[in-house]
Amino acid sequence: MAHVSCFQVLPWKPWLSCRRKLGSAAPLPVLKHPSAPFRFAPKLPGHGVRTYARHRFATVASQLPEDLNDVSQAFTPMEKYYSQEGIPASLLAGKRKSKSALQKSQTRFVEFFRRASPYVESHRGGIFVIIIPGDVLDNDIRLTSILKDIALIHQLGVHLVLVIGSTHQIDIRLQEQGLQSKFMGEYRVTDPLAMQIAMESAGKNTVNVQAQLSKAPPVVQLRRQGMPERLHQNVSVRTTFGNFVAAKRRGVVDGIDFGETGEVRYVDAQAIQDQLNLNNVVVLSNLGYSAAGEVLNCHTFEVATMAAIQLKADKVVCMMGEESTRNVTLMAGGQQALSLISAERLVEGIIQDYQLLKEQQGDLSSQSLPRSYSPTSSDSSKATWYIDGCPVELCAAIAACRGGVKRVHLVDSTVEGVLLLELYTRDGIGMMVFSDDYEVSRPACLADLDSLARLLAPLEVFCSFTIETEYVDVGN
């Protein structure tokens, strides 16, 4: 018994509780190895409580091995123990499977975090304009997921401007009152009743977004990671909302009075930049404010495009619903990356097809045809950014890139974590329109000859051919 000190003497009370119910059949509480699995006693007949004997008893101390350097000899393997105790083998298999799944999940998390690290650094300090249309806001579960990712992106150091739409909500409210929405192209004809509904819908959507961004992680979770008490009140995202959008009445266009529909004149970029420097998320809506003190119903994508151009944003991200995703994918032919020139040519083809369709239908009115679209024009202050027959998301992407935004991302909001997958992975998951360089090649120069020779050296060894390098003086 000289080696008993490496084992634990069992407490007395659990054994007494077990002995009262089992009688003299209860084993003596002598010794227990610390690594022995817990034993769960079944419910005893005639008793209303379940007794859990949390210790495995060793009935005879002499069964201990002489050499306790190999303690594992004193106890059977886990599989044998499970069979002796009548525990199904499937339970053990389930434990092994769950452990393997956990390890795989941890590995994927670590891999994603490492691969995302270059993008975390490159995006930090940039300005991103994110468009959330009304049909995306209508799904509470989807909106909660999107705003969680937006909060995470903000905490990673990105300056965010959110543009909240409400077209879907306005249409529903008008239908509830037995009225039909009136549109000419992408612009709504806004009468006083529609304007009142637009203000209510925009206010409700904005408040909902701000409320979701105000959520903070549980205090228990923060304390578990050792976050100081003074930081517990600063983990939520601070938002700001104001009269940043200056607008004017659209007026009468092609004989149609648009009522209280507005066109964006400019966005107060300096005021927004001041809020971004304070680490606030700026929230814009479809409402603009005129010099006469009026509230006007503007187009959400026009507000976002003007804000991105005047803020000189690094990226614009448009969240699309299911129908918009299908339309854009169909128009782009499944391409995931379009240069600005390719996108403009694509739109030119759409315009030709649209005109041909109208000719076949016998409708050549001025309201039905695209107006004054010039792919080479860079004047984005005019309300000619939209082209009839072309998805509004693609039109806004072209207008933003022509105005100086380097990249516009069109993503499917129904995909879980789509913002993180698009912005923090190499290939992304959505469609992109870009005006800068993207996976381009350049002509080789003299400085590349040595590198090219090293690249071709394995071919010379295994393919039995000789690389002849000749340096030619081409002058300056």
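The present account deals with the structure reproduced in this document. No experiment lies behind these values; they were computed from the predicted model shown.

### Focus: the overall build of the protein
- From N to C terminus, the protein includes 15 helices and 18 strands.
- For the protein, restricting intrachain contacts to residue pairs at least 6 apart in sequence, the fraction spanning at least 24 positions comes to 70%.
- When the accessible area of the protein is evaluated, it comes to approximately 27700 Å², of which 53% is carbon and sulfur surface.

### Overview of the pattern of salt bridges
- On inspection of all chains with the given rule, the structure shows seven salt bridges.
- Note that Arg249 is salt-bridged to Glu294, the shortest N-O span being 2.9 Å. Of this pair, Arg249 sits in strand E8 (residues 245–249) while Glu294 sits in the loop between strand E13 (287–289) and strand E14 (295–297), and the two are 45 residues apart along the sequence.
- By relative accessible area, which is 39% here, Arg249 ends up partly exposed.
- The exposure class assigned to Glu294 is partly exposed, which follows from its relative accessible area of 27%.

### Here we look at unusual backbone geometry
- Positive phi, normally seen in glycine, also occurs at Asp254, with a value near 55 degrees.
- Inspection of the secondary structure puts Asp254 in the loop between strand E9 (252–253) and strand E10 (256–257).
- For Asp254, a relative accessible area of 35% gives the class partly exposed.
- If you check the backbone angles, Asn279 has positive phi at about 65 degrees while not being a glycine.
- Assignment of secondary structure puts Asn279 in the loop between helix H9 (269–277) and strand E12 (281–284).

### Quick notes on a negative patch on the surface
- Negative charge collects at one region of the surface, where Asp135, Asp138, Asp140 and Glu323 lie side by side.
- By the element assignment, Asp135 lies in helix H4 (residues 134–137).

### Observations regarding the environment of Val317
- Mapping Val317 onto the fold places it in strand E15 (residues 315–320).
- With 80 residues separating them in the primary sequence, Val317 and Ala397 have C-alpha atoms 9.2 Å apart.
- Setting aside residues up to four positions removed in sequence, Val317 forms contacts with Val129, Ile130, Ile131, His409, Val411, Leu419 and Leu423.

### Considering the environment of Met319
- Along the chain, the position of Met319 falls in strand E15.
- Judged by its relative accessible area of 0%, Met319 is buried.

### With respect to the sheet that holds strand E18 (residues 431–434)
- Across the sheet, eight strands lie side by side as E7-E12-E4-E3-E15-E17-E18-E16; this open sheet has mixed pairing. One side of each edge strand has no neighbouring strand; the edge strands of this open sheet are strand E7 (239–240) and strand E16 (337–339).
- One ladder, built from six bridges, connects E15 with strand E17 (residues 407–412); its direction is parallel. For Val317, the partnering residue across the bridge sits in E17 and is His409.

### Section: the packing of helix H12 (residues 340–361) against helix H13 (residues 392–402)
- At a closest axis distance of 10 Å, the pairing of H12 and H13 adopts a crossing angle of 135 degrees. One way to sum up the angle between H12 and H13 is to call them oblique. As for how H12 packs across H13, the hand of that crossing is left-handed. Residue-level inspection shows Leu340, Ala343, Glu344, Leu346 and Val347 of H12 in contact with H13, the latter providing Leu394, Ile398, Cys401 and Arg402.

### Let's talk about the packing of aromatic side chains
- Overall, the coordinates contain one aromatic pair when judged by the stated rule.
- Just above the ring of Phe258 sits the side chain of Arg250; from NZ or CZ to the centre is 4.8 Å.

### Brief notes about the packing of helix H6 (residues 167–176) against helix H7 (residues 192–213)
- One way to put it is that H6 packs onto H7 with a least axis distance of 9 Å and a crossing angle of 130 degrees. When the interaxial angle is binned, H6 and H7 end up oblique. Crossing of H6 over H7 shows right-handed handedness. For the pair H6 and H7, contact is made by Gln169, Ile170, Arg173 and Leu174 and by Ala194, Ile197, Ala198, Glu200, Ser201 and Asn205, respectively.

About the criteria used
- Residues numbered from 1 in each chain as written.
- Predicted model: local features only at pLDDT ≥ 70, side-chain atom pairs only at ≥ 80, totals over all residues.
- Heavy atoms only, no water.
- Helix = DSSP H or I, 4+ residues; strand = E, 2+ residues; numbered from the N terminus.
- Contact = heavy atoms within 4.5 Å.
- Areas by Shrake-Rupley, 256 points an atom, 1.4 Å probe, with all protein chains shown as cover.
- Salt bridge = Lys/Arg side-chain N within 4 Å of Asp/Glu carboxyl O.
- Buried < 20%, exposed > 50% of the residue type's maximum accessible area, 1.4 Å probe, protein only.
- Patch = residues over 30% accessible without salt bridge, like charges linked within 9 Å, V, L, I, M, F, W, Y side chains within 5 Å.
- Lys, Arg positive; Asp, Glu negative; His and termini not counted.
- Charge placed at Lys NZ, Arg CZ, Asp CG, Glu CD.
- Pairing = 2+ DSSP bridges.
- Axes fitted to C-alpha atoms, helices over the stretch in contact; angles between N-to-C directions.
- Parallel < 35°, antiparallel > 145°, perpendicular 65-115°, else oblique.
- Left-handed = near helix turned anticlockwise from the far one by under 90°.
- Phe/Tyr/Trp six-rings, centres within 6.5 Å; stacked < 30°, edge-to-face > 60°.
- Lys NZ or Arg CZ within 6 Å of the ring centre and 35° of its normal.

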